[in-house]
Amino acid sequence: MVEGEILVVEDLRKYFKTAQGVVRAVDGISFSIKEGETFGLVGESGSGKSTTAFTIMGVYEPTGGRIFFKGKPLIGGVKKRPLSLKKDMQMVFQDPGSSLNPRKSIREIIELPLKVHKLYRGKERKRAEELLRMVGLPVEFLDRYPRAIGGGEKQLVAIARALATEPSFIALDEPTSALDVSMQAKIINTLLRIQEELNLSYLFITHNLSLMRNVASRVGIMYLGKLLEVAPASEFFHKPLHPYTKMLLSSVPVITEEEEKLKPKKIVSRGEIPSPVNVPPGCTFHPRCPECMEVCSKKEPVMIEIEPGHTVKCHLFNS
Amino acid sequence: MKSIGSLLSEDQRESLKRNWHKFSTNPLSIVGLITVLTITFMAIFSPWIAPYPQSWGRWIDFSQASLPPSWKHPCGTDIYGRDILSRIMFGFRYDLLMAVCILAMVVPSGTFLGLVAGYYHGTWIDTVIMRITDIFLAIPSLVLALAICALLEPSLFNSMMAVSLLWWPWYSRLAYSLTSSIRNEYFVQAAELIGANPLYIMFREILPNCLSPIFTKMTLDVGWVILIGSTLSFVGLGAQEPMPALGNMVAVGSKYMPDYWWMTIFPALAIAFTILGFNLLGDGIRDLLAVEEI
Amino acid sequence: MNALRGDLGESIVSKRPVSQDVLTFFPASFELVMFSTIISVPLAILIGALAGRRANSIFDNIVRVFSYVGIAVPTFVWAVLALYLFGYLWKVLPIMGQLSVGIRRPPVRTGMMSIDALLAGRWDAFVDHLKHMILPALCMSVGRIAQEARLLRAGIIENLKKDYIVAAISYGIPERRVMMTYLLKPSLIPMVSIMALDLASSMGGSFIIETIFNWPGFGRYGMWAMLNKDLNAVVASVMIVGIFFALFNILVDVIIAYLDPRIRVMERAS
Ligand SMILES: Nc1ncnc2c1ncn2[C@@H]1O[C@H](COP(=O)(O)OP(=O)(O)O)[C@@H](O)[C@H]1O
Ligand SMILES: [Mg+2]
């Protein structure tokens, strides 16, 4: 346990039993998040990002592995966790449409965490107004219902609700993927400003790599339930190592000429992400990998550290 | 008390107006609404508007016995000389009261059980509650109601208990399926992550989102409950003479068929209209809410 | 627990083993319920299909009103009205029992009198018995016909909007063939899936109908047991109805699997 790490995940696994077989949604991932930083988790849809967040938060009980929060192990699902822990960890969901109860006013929604945790007793109303202002919404919103406000505004309300318990860690599951570009920018900026003000730590999940360079301090690339590469965000864009990372980066739209030069050669994305029920043997990425070698379909590579803080899981670097 | 208009926001008033407009375009719904309002009015005010209020109970006037329909007695009189129209109005009272009481017992209890089972989806609580529900649903309701009534003393109260006992599973199943899907919504998970207690989540987060289908089923069920209740009183297992429940009026009258046909036919028609009215109204409300949900 | 071994105890009133009573009375009820199914299902399909094909025509509107009324009016009200109209006013059909006075009973073999009459070659008894079945069977099935016709109508109107039907019609495939092969089968599914429930209400209805029309079947027996608080007989009748209902549910699942190929494929895959 390194000083200053708020969340440590070790060999986390979450399998689902379904009619089609066992889904290995998260299959042995390890990473850590430092206090006050944003750890980005990137991957195609279905790679297990949401499941990772839900398992950390306790919505699902892990199948295996360990999670430490502020040095203490988290045991079991959300129902077994103490209230103080729930106060300290919050989450913002992917779909703002379903994350607010349509039958409750914004005030009721934001005041719920205050009441549950007995915060600002008697001054809940004032605090709710403060929280709305913090996320940049007008206080008149308090008496509206979710259906009367837009998608981006709903997401801001969801953020205000997460902030209400005064957490030190927030998991953000694709907080902007359902929104249009201008709203995306507004929400990201709000999140970053609040992070600075309150010294929050984020687990920021997205399938949009280009978002990451502005948001995250470190990034992990996830594929079929496994982490393939973890690196500081800056290094990521300059020196990607894993073929999958290169593939993702090569499809990112860029703004300047300079960036275009940095970009890896265009690699055509091959094939679809396989089903997590039927995981390919060896390296899970090998059927789509442009640099696939013989060993790749036989043996699973191990995660190795190439440079301090930059790890990769690929046979190219395993020799 | 504030007037209803001021209680509602601009937005709500607007949607109310829109709904009413949609509802009123279907003539069948309007027929249903008018029927239900008329019957409810007669049921509530029967002691004051019935032409012969004394016909309610043990009243005998042989000079008026078994008269066919006339201006004085539009639906005729029975063998004791009681006015059938008056008795039908009182009959509405008993039948509606019965339906309201039954639903008042069945809807909260069934909904509660379904809600709990749905919230604890996949646990032993779910298994126990839903197994019991399935067992109740596996036997045709009328037969079960008859059997339960038969084992108790026949009375209006006992027939109500019997119908309640076999009606709750429908609500527990409805609430169960609604809850099972709503509990996966993010707002429920958010409440769980905040640490709200299970009762709060069930009753304040999930339940309000189940209410409109439950309400629709309730309006549709009034007709069914009256149907089954009147069948029970028809076979003599429900309300007893001289109580003017519509079912036993039909039963008593049918002994004097065909000569005194009015003793049977008018109460029978009254039952038919009551149930029809509630079914039409319920369908109208269902169509309305089905569109609203989308 | 004895009930599971087929021993239902002794009837307090008839002083005979309940299982023997059940065997005596069940065939007549089965006959009546089957007869009502045989007349109601084709009728419901005919009415529902015609109404759905010609939505909003005069015929369709009549069917709609009928379906509301048919569902809303309780069985016993139909029975009372039928007794009055057909039995007393117009005197066209017999209203009591299984056979008219003066016609000798055919020897009992199956317990279902129509079949017994045929086995014995007794046309007079067969025809007379059929006449006796018409009113009770109809009263028992008005609600079913209404309900099933309504669902079929809705199903056809829904399916008529589907692309493949529109395409089939525009390709000039004869309407009758489109109706029979593409439209009717998928539209029957919702109707068939409530048939089990409908049969259940028929079974419940048979308790009332058999009592009113004095039909010597299981329903009348059960009703009589209930009114006399004959506990063993009551438990037995509820059980038999439950079992019958369960068996019919299985049958309905099989029919639906036949009508909906998707379900069959899904089952094979899993
Ligand atoms: N509750 C669940 N039951 C069964 N399978 C699930 C469940 N949740 C997620 N999965 C499966 O796990 C895999 C990863 O899903 P998810 O974590 O939502 O991916 P992502 O968020 O990266 O798109 C998917 O294949 C998904 O179908
Ligand atoms: Mg996701």
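This one's a predicted model, so the numbers in the text were calculated from it and none came from an experiment.

### Considerations on the overall build of chain B
- Scanning chain B from N- to C-terminus turns up 11 helices and zero strands.
- Along its sequence from the N terminus, chain B presents helices and strands in the succession α-α-α-α-α-α-α-α-α-α-α.
- Dimensions of chain B, computed from the C-alpha atoms along their principal axes, are close to 75 × 50 × 35 Å.
- Scored against the burial criterion, the 294 residues of chain B give a buried share of 53%.
- Put simply, 73% of the contacts in chain B that link residues at least 6 apart link residues at least 24 apart.
- Of the accessible surface of chain B, which amounts to about 13,100 Å², a share of 70% is contributed by carbon and sulfur atoms.

### Observations concerning the interface of chain B and chain C
- The interface of chain B with chain C comprises 37 residues on the first partner and 32 residues on the second.
- The salt bridge partner of Asp283(B) is Arg150(C), with a shortest N-O separation of 3.2 Å.
- Here chain B is connected to chain C by four residue pairs in polar contact (both at pLDDT 80 or more).
- Only helix H6 (141-151), helix H9 (198-234), helix H10 (246-254) and helix H11 (262-293) of chain B provide two or more residues apiece to the side of chain B that touches chain C.
- Its residues assigned to classes, the side of chain B that touches chain C shows 30 nonpolar, five polar and two charged.

### As for the site of ligand 1
Residue and element names in this part refer to chain A.
- For ligand 1, the set of nearby residues contains 14 residues, the closest of which are Gly46, Gly48, Lys49, Ser50 and Thr51.
- Contacts to ligand 1 include Gly46, whose backbone N or O atom sits 2.7 Å from an oxygen atom.
- Between ligand 1 and Thr51 there is a distance of 2.5 Å, counted from an oxygen atom to a side-chain nitrogen or oxygen.
- Relative to its unbound accessible area of 550 Å², ligand 1 is 68% covered by the protein chains.
- For the shell around ligand 1, the secondary structure elements donating two or more residues are strand E1 (5-18), strand E2 (21-34) and helix H1 (49-57).
- The element that contributes the greatest number of residues to the shell around ligand 1 is H1, accounting for three residues.

### Looking at H10(B)
- Most of H10(B) sits inside the fold, with seven of its nine residues counted as buried.
- Along H10(B), the residues that are buried comprise Leu246(B), Gly247(B), Asn248(B), Met249(B), Val250(B), Ala251(B) and Gly253(B).

### Describing the packing of helix H1 (residues 18-53) of chain C against helix H5 (residues 123-160) of chain C
- In the contact formed by H1(C) and H5(C), the axes pass within 5 Å of each other and the chain directions differ by 35°. Remark: the crossing between H1(C) and H5(C) carries right-handed chirality.

### As for the sheet that holds strand E5 (residues 72-73) of chain A
Residue and element names in this part refer to chain A.
- On the basis of which strands lie adjacent, the open sheet formed by four strands has the order E2-E1-E4-E5 and antiparallel pairing. With partners counted over all chains shown, the strands left at the sheet margins are E2 and E5, one partner each.
- As paired strands, E1 and strand E4 (residues 64-69) are joined by five bridges and run antiparallel to one another. Residue Leu7 lies in a different strand from E4, and its bridge partner there is Phe69.
- Contacting E1, E2 and E4, H1 crosses the sheet at an angle of about 115° to E1.

### What to know about the environment of Ile265(B)
- By the secondary structure assignment, Ile265(B) is in helix H11.
- For Ile265(B) and Pro108(B), which are 157 residues apart along the polypeptide, the C-alpha to C-alpha distance reads 36 Å.
- Excluding its chain neighbours within four sequence positions, the residues that come into contact with Ile265(B) are Leu81(C) and Tyr84(C).

### Looking at the interface of chain A and chain B
- Contacts between chain A and chain B engage 26 residues on the former and 19 residues on the latter.
- Between chain A and chain B, roughly 2,000 Å² of surface is buried when both sides are summed, and carbon and sulfur atoms account for 59% of that area.
- Our count for the chain A to chain B interface comes out at one salt bridge.
- Glu205(B) serves as the salt-bridge partner of Lys104(A), at 3.2 Å between the closest nitrogen and oxygen.
- Where chain A touches chain B, the interface holds nine residue pairs in polar contact (both at pLDDT 80 or more).
- Among the secondary structure elements, those contributing two or more residues to the side of chain A that touches chain B are H1, helix H2 (83-88), strand E6 (89-92), helix H3 (96-99) and helix H4 (106-116) of chain A.

### Describing the packing of aromatic side chains
- For the structure shown, the criterion picks out 33 aromatic pairs over all chains.
- Residues Tyr223(A) and Phe285(A) carry aromatic rings whose centres are separated by 5.1 Å and whose planes lie at 85° to one another, so their mutual orientation is edge-to-face. Separated by 62 residues along the polypeptide, Tyr223(A) in strand E9 (residues 218-223) and Phe285(A) in the loop between helix H11 (257-262) and strand E11 (303-307) bring together distant segments of the chain. Residue Tyr223(A) shares its accessibility class with Phe285(A), and that shared class is buried.
- Taking NZ or CZ as reference, Lys217(B) lies 5.4 Å from the ring centre of Tyr171(B), over its face.

### As for helix H8 (residues 195-212) of chain C
Residue and element names in this part refer to chain C.
- The terminal C-alpha atoms of H8, which comprises 18 residues, lie 24 Å apart, in line with the 26 Å expected from a rise of 1.5 Å per residue.
- When the local axis directions of H8 are compared, the greatest deviation, roughly 35°, occurs at Gly205.
- Among the 18 residues in H8, 15 count as buried, and that is most of the element.
- Note on H8: the residue one or two positions beyond its end, Asn214, has a positive phi of about 55°.

### Notes on the pattern of salt bridges
- A full pass over the atoms with the stated rule returns 33 salt bridges over all chains.
- Residues Arg218(A) and Glu37(A) are paired through a salt bridge, measuring 2.9 Å at the closest nitrogen-oxygen approach. Residue Arg218(A) is found in strand E9, and its partner Glu37(A) is found in the loop between E2 and strand E3 (38-42); the two are separated by 181 residues along the sequence.
- Exposure remark for Glu37(A): the relative accessible area of 9% places this residue in the buried category.
- When the shortest N-O distance is used, the salt bridge between Asp21(C) and Arg16(C) registers 2.6 Å.
- Residue class for Asp21(C) comes out buried when judged on its relative accessible area of 0%.

### Details of the environment of Gly143(C)
Residue and element names in this part refer to chain C.
- Position of Gly143 among the secondary structure elements: in helix H5.
- For the pair Gly143 and Val73, spaced 70 residues apart in the sequence, the C-alpha separation amounts to 7.7 Å.
- Excluding residues that lie within four positions of it along the chain, Gly143 makes contacts with Gly70 and Ile71.

### Quick notes on the sheet that holds E9(A)
Residue and element names in this part refer to chain A.
- Pairing in this open sheet of eight strands is mixed, and the strands run E6-E7-E8-E3-E9-E10-E12-E11 from one edge to the other. Strands at the two margins of the open sheet, each flanked by one partner only, are E6 and E11. Strand-to-strand twist across the sheet, computed as the mean angle between neighbouring axes with direction ignored, equals 20°.
- Note that E6 and strand E7 (residues 169-173) share four bridges and pair parallel.

### With respect to the state of the cysteines
Residue and element names in this part refer to chain A.
- Summed over all chains, the structure comprises zero disulfides over all chains.
- Of all cysteine sulfurs, the one in Cys292 lies closest to Cys289, which takes part in no disulfide; the gap is 5.9 Å.
- Cys292 supplies the cysteine sulfur nearest to Cys296, a cysteine that is in no disulfide, at a spacing of 4.6 Å.
- Look at Cys296 and you get buried, because its relative accessible area is 7%.

### What about the pairing of E3(A)?
Residues and elements named next belong to chain A.
- Counting buried positions along E3 gives five out of five residues, so the element sits mostly inside the fold.
- Taking every second residue as pointing to the same face, both faces of E3 are buried, with Thr38, Gly40 and Val42 on one and Phe39 and Leu41 on the other.
- Relative to strand E8 (residues 201-206), E3 is paired through five bridges, and the arrangement is parallel. The partner of Val42 across the bridge, within E8, is Thr206.

About the cut-offs
Residues numbered from 1 in each chain as written. Chains lettered and ligands numbered in written order. Predicted model: local features only at pLDDT ≥ 70, side-chain atom pairs only at ≥ 80, totals over all residues. Heavy atoms only, no water. Helix = DSSP H or I, 4+ residues; strand = E, 2+ residues; numbered from the N terminus. Buried < 20%, exposed > 50% of the residue type's maximum accessible area, 1.4 Å probe, protein only. Contact = heavy atoms within 4.5 Å. Areas by Shrake-Rupley, 256 points an atom, 1.4 Å probe, with all protein chains shown as cover. Salt bridge = Lys/Arg side-chain N within 4 Å of Asp/Glu carboxyl O. Polar contact = N/O pair within 3.5 Å; in protein donor to acceptor, adjacent residues only side chain to side chain. Nonpolar A, V, L, I, M, F, W, Y, C, P; charged D, E, K, R; others polar. Near = heavy atom within 4 Å. Axes fitted to C-alpha atoms, helices over the stretch in contact; angles between N-to-C directions. Left-handed = near helix turned anticlockwise from the far one by under 90°. Pairing = 2+ DSSP bridges. Buried area = accessible area lost by both parts, 1.4 Å probe. Phe/Tyr/Trp six-rings, centres within 6.5 Å; stacked < 30°, edge-to-face > 60°. Lys NZ or Arg CZ within 6 Å of the ring centre and 35° of its normal. Expected span 1.5 Å × (residues − 1). Bend = angle between axes of the 7 residues up to and from the residue. Disulfide = S-S within 2.5 Å.

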